[in-house]
Amino acid sequence: MDVPVLHRIVVYPIKALDGVALPAARIGPAGGLAGDREFAVLGPGDRVVNGKREARVHAIRADYDLGARLVRLRADGASAPREATFHLDQDRAGLEAWLTAFFGYGVRLLHDGRRGFPDDSRYFGPTVVSTPTLAAVAAWFPGLTLDSARRRFRPNLELDAAEPFWEDRLIGADAPVPFCIGQVRFEGMEPWPRCAVPTRDPRTGAGDPSFQQTFSAYRRAHLPAWAPRERFDHFYRLCVGTRVPASEAGKLVRVGDPVTLP
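The structure presented is a predicted model; accordingly, all values stated were derived computationally and were not measured.

Asker: I'm lost on the nonpolar core in this one. Help?
Answerer: A general feature of soluble globular proteins is that nonpolar side chains tend to end up buried together. Counting residues in hydrophobic clusters, the biggest one holds 44 residues, and the most contacted among them are Leu73, Leu95, Leu99, Phe186 and Val253. When contributions to this core are tallied by element, the ones reaching two or more residues are strand E1 (5-11), strand E4 (39-42), strand E5 (60-65), strand E6 (70-75), helix H1 (92-103), strand E10 (157-160), strand E11 (177-181) and strand E12 (184-193). Examining the composition of this core, we find that five residues originate from one element, H1, more than from any other. In contact with Phe186, not counting residues within four places along its chain, are Ile27, Pro126, Leu157, Val177, Pro178, Phe179, Ile181, Thr242, Arg243, Val244, Pro245 and Val253. Counting 19 residues, the second-largest nonpolar core is a separate cluster that includes Ala136, Ala138, Phe141 and Phe211.

Below is the structure:
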């Protein structure tokens, strides 16, 4: 079996907004990638504003300079606020005002630099997928590109593997699967259940009502022999959710690191 290498690292500093690709990332104290989903936007009733509940988030473009702790926001449309740049730590009031003007209702920004705001409160580790997997999924839908598949499924760690769905090897039938990326130890936990976000165009928010059904049918048909079928109670699952032992906090994963199994 060819040894995959880490091809791409992406963190999403503000939950539900665009990510930023990095050459390396540090494991945070709770096991996620440092800086990933460290901010969350709360709307009325203190509910998280995300793609599951608010399709308009797809219209926001966010560009980051994480070294300077800056984010630049822009959006299309005559009523969209003017493009603006904010310091993530020193200008949160301005950032909240921009988002309030965009959504048309009051929002506030929460920060958690230790744990962040992961999509699943059970496993805080980064999600893992391979580039051939994303390319295979893109081929299931006319007009879908590799970049669009990345934006729809929002993985943290993308592997350069020899074949699609290689990452399903990181799922065990009845126990976590230990593996390493470089010198960092991970545990593969489960095939990641997906929400409504992948069904929408990542730039416009326009939904495809048949996306989930089509995806599930192809995922079932192309499930590799090494995938533990019993872990797929449904087939609307992509990427592997992980857990990272506490001993790995502070270590770096880098693009080009090899992926090894015991």
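Having seen the structure, we can now continue with the description.
Asker: Which parts of the structure should I look at to understand the packing of helix H2 (residues 131-139) against helix H3 (residues 146-153)?
Answerer: The axes of two packed helices give the description: the angle between them and the distance between them. Interhelical geometry of H2 versus H3 gives an angle of 105 degrees and a closest axis separation of 8 Å. For the element pair H2 / H3, the angle class is roughly perpendicular. Contacts between H2 and H3 involve Thr131, Leu134, Ala135, Val137 and Ala138 on the former and, on the latter, Leu146, Ala149, Arg150 and Phe153. In terms of residue class, the contact of H2 with H3 is built from seven nonpolar, one polar and one charged.

Asker: Looking at this model, I keep getting lost on the pattern of salt bridges. Mind explaining?
Answerer: As a working rule, side chains carrying opposite charge can pair if their charged atoms are close by. Counted under the stated rule, the structure contains 24 salt bridges. Of the charged contacts in the structure, one is a salt bridge between Arg61 and Asp18, with a shortest N-O distance of 2.8 Å. Here Arg61 is found in strand E5, whereas its partner Asp18 is found in the loop between E1 and strand E2 (20-22), with 43 residues between them in sequence. The same class applies to Arg61 as to Asp18, namely buried. Of the charged contacts in the structure, one is a salt bridge between Asp147 and Arg151, with a shortest N-O distance of 3.2 Å. One end of the pair is Asp147 and the other is Arg151, both in helix H3 and four residues apart, which spans about a single turn. Relative accessible area serves as the criterion here: at 35%, Asp147 is assigned to the partly exposed category. Looking at Arg151, the relative accessible area reads 27%, which means it is partly exposed. Here the residues in one salt-bridge network are Asp120, Arg122, Glu190, Asp233 and Arg237, joined through shared partners.

Asker: How do you make sense of the state of the cysteines when you look at a structure like this?
Answerer: A covalent bond between the sulfur atoms of two cysteines is what we call a disulfide. Counting across every chain of the model gives zero disulfides. Note on Cys195: no disulfide assigned, nearest cysteine sulfur contributed by Cys239 at a separation of 11 Å. Owing to a relative accessible area of 28%, Cys195 belongs among the partly exposed residues under this scheme.

Asker: Is there a simple way to explain the packing of aromatic side chains in this structure?
Answerer: For any pair of aromatic rings, the description consists of the separation of the ring centres together with the inter-plane angle of the planes. In the structure shown here, the tally under the stated rule is 13 aromatic pairs. Ring plane angle 10 degrees and centroid distance 4.3 Å describe the contact between Phe141 and Phe211, whose orientation is recorded as stacked. With Phe141 in the loop between H2 and H3 and Phe211 in helix H4 (residues 211-221), this pair connects stretches of sequence that are 70 residues apart. Classification of Phe211 by relative accessible area gives buried; the value is 1%. Here the aromatic rings of Phe211 and Phe215 are separated by 6.3 Å at their centres, their planes lie at 15 degrees, and the arrangement is stacked. Of the two residues, Phe211 and Phe215 are both situated in helix H4; the distance of four residues between them amounts to about one turn of the helix. No difference in accessibility class separates Phe211 from Phe215, as the two residues are buried. Through a chain of ring-to-ring contacts, the aromatic side chains of Trp140, Phe141, Phe153, Phe165, Phe211, Phe215, Tyr218 and Tyr236 assemble into a single cluster. Taking the ring centre of Trp226 as reference, the NZ or CZ of Arg169 above it sits at 3.8 Å.

Rules and cut-offs
Residues numbered from 1 in each chain as written. Predicted model: local features only at pLDDT ≥ 70, side-chain atom pairs only at ≥ 80, totals over all residues. Heavy atoms only, no water. Core = buried A, V, L, I, M, F, W, Y, C linked by side-chain atoms within 4.5 Å. Buried < 20%, exposed > 50% of the residue type's maximum accessible area, 1.4 Å probe, protein only. Helix = DSSP H or I, 4+ residues; strand = E, 2+ residues; numbered from the N terminus. Contact = heavy atoms within 4.5 Å. Axes fitted to C-alpha atoms, helices over the stretch in contact; angles between N-to-C directions. Parallel < 35°, antiparallel > 145°, perpendicular 65-115°, else oblique. Nonpolar A, V, L, I, M, F, W, Y, C, P; charged D, E, K, R; others polar. Salt bridge = Lys/Arg side-chain N within 4 Å of Asp/Glu carboxyl O. Disulfide = S-S within 2.5 Å. Phe/Tyr/Trp six-rings, centres within 6.5 Å; stacked < 30°, edge-to-face > 60°. Lys NZ or Arg CZ within 6 Å of the ring centre and 35° of its normal.

Coordinates in, geometry out; function isn't part of it.
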